[in-house]
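# Architecture at a glance
In case you want the letters, here they are:
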Protein chains: 2
Amino acid sequence: MPFTTLQQPMQKSIKLAQIAFDKDEVPVGAIIINNDTQEILAQTYNLVETLKDPTAHAELLAIRAACKKLDSTYLTNCSLFVTLEPCSMCAQALAWAKISKIIFGAYDTKSGGIDHGAQIYNQETCHHKPMVIGGILEKPCKELMQKFFKDKRP
Amino acid sequence: MPFTTLQQPMQKSIKLAQIAFDKDEVPVGAIIINNDTQEILAQTYNLVETLKDPTAHAELLAIRAACKKLDSTYLTNCSLFVTLEPCSMCAQALAWAKISKIIFGAYDTKSGGIDHGAQIYNQETCHHKPMVIGGILEKPCKELMQKFFKDKRP
């Protein structure tokens, strides 16, 4: 079924974030799709604690899965849908991957790296600047994060 | 044999960078050691092209290898020796890993994320700031990079 809105793929990412929540992981979910075919190339969620890997953010796992699926170092014709504004690590990784678009849900004032802090894509040291749309299904994405930090890491 | 200078472990990283060079990878090498025992926990080099993984910078591979070796999400008592100033992705990853010290060789005016561009550790969105020492064996680290871009990617 083709996606006809930005909310539809984000809804999928929210479901993935919910799986992370249930595993006591910070609830962030992500999917990467091919812009033309809308094929889903990666469906991931944060696994930092499970894998004991501080780099295992949903976005980094999604990049690696999608590149593997495409047998390519680059994701030039792909879009990422992620429930939370990517951090600086993930924002720069997405630039290295030359991803075309980033759509995120909740803004991350504490650790975000696109609209906050390092603002990676505004730096001269960043050589690929994806199109970015923030705030898609912001409310449920934010509420899931708030519930996590209230219930599980108070 | 214990390291008694910062140059000794960096020399090891340079050897790893040379392996990357020989594989036509951007020549960056890294090791992570335990601060107390000086045990080498990871020895890695850039494998972006070989693995077709845009996140496979020497530093990210080193973090993941060292965390696996320690069975820990964090590298609180560890030091990274890397031949090039880490980019924003790697700098933020090292912050997430709560690494204690970063020693790098050549400065990276084009894509560096510590002394240049995003200056990750100067951001309020960065919640762990490692001690950083740049310019250790800068000359051979820089020359290897220059030779790579002159000979292999002119």
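An account of the accompanying structure is given in this report. Just so you know, these numbers come straight off a predicted model, no measurement behind them.

As for its placement among the helices and strands, Arg64(B) is situated in helix H3 (residues 58–70). Note: C-alpha distance between Arg64(B) and Tyr74(B) (ten residues apart in sequence) is 10.0 Å. Discounting chain neighbours no more than four positions away, the residues touching Arg64(B) are Asp53(A), Thr55(A) and Arg64(A).

This paragraph deals with the relation of the copies chain A and chain B. For the pair of chain copies, the relating operation is a rotation around an axis with a shift along it. Rotating chain A by 180° about the axis while translating it 0.0 Å along that axis superimposes it on chain B, leaving an RMSD of 0.0 Å. Taken together, the rotation and translation describe the operation of a two-fold axis. Among all residues of chain A, the one whose C-alpha sits closest to the rotation axis is Met89(A), at a distance of 1.9 Å. Of the interface residues in chain A, 100% have counterparts in chain B that sit at the interface too, so the contact is made through matching surfaces.

For the rest of this paragraph, the subject is the sheet that holds strand E4 (residues 101–106) of chain A. Residue and element names in this part refer to chain A. In spatial order, the strands read E2-E1-E3-E4-E5; together these five strands make up an open sheet with mixed pairing. Edge strands, defined here as strands with exactly one partner in the open sheet, are strand E2 (40–45) and strand E5 (131–133). Averaged over all adjacent pairs, the angle separating strand axes in this sheet is 15°, with direction ignored. Here strand E1 (residues 29–34) runs beside E2; their pairing, made up of five bridges, is antiparallel. Within the sheet, the bridge partner assigned to Ile 32 lies in E2 and is Ala 42.

Parameters at a glance
- Residues numbered from 1 in each chain as written.
- Chains lettered and ligands numbered in written order.
- Predicted model: local features only at pLDDT ≥ 70, side-chain atom pairs only at ≥ 80, totals over all residues.
- Heavy atoms only, no water.
- Helix = DSSP H or I, 4+ residues; strand = E, 2+ residues; numbered from the N terminus.
- Contact = heavy atoms within 4.5 Å.
- Least-squares fit on C-alpha atoms with pLDDT ≥ 70 in both.
- Pairing = 2+ DSSP bridges.
- Axes fitted to C-alpha atoms, helices over the stretch in contact; angles between N-to-C directions.

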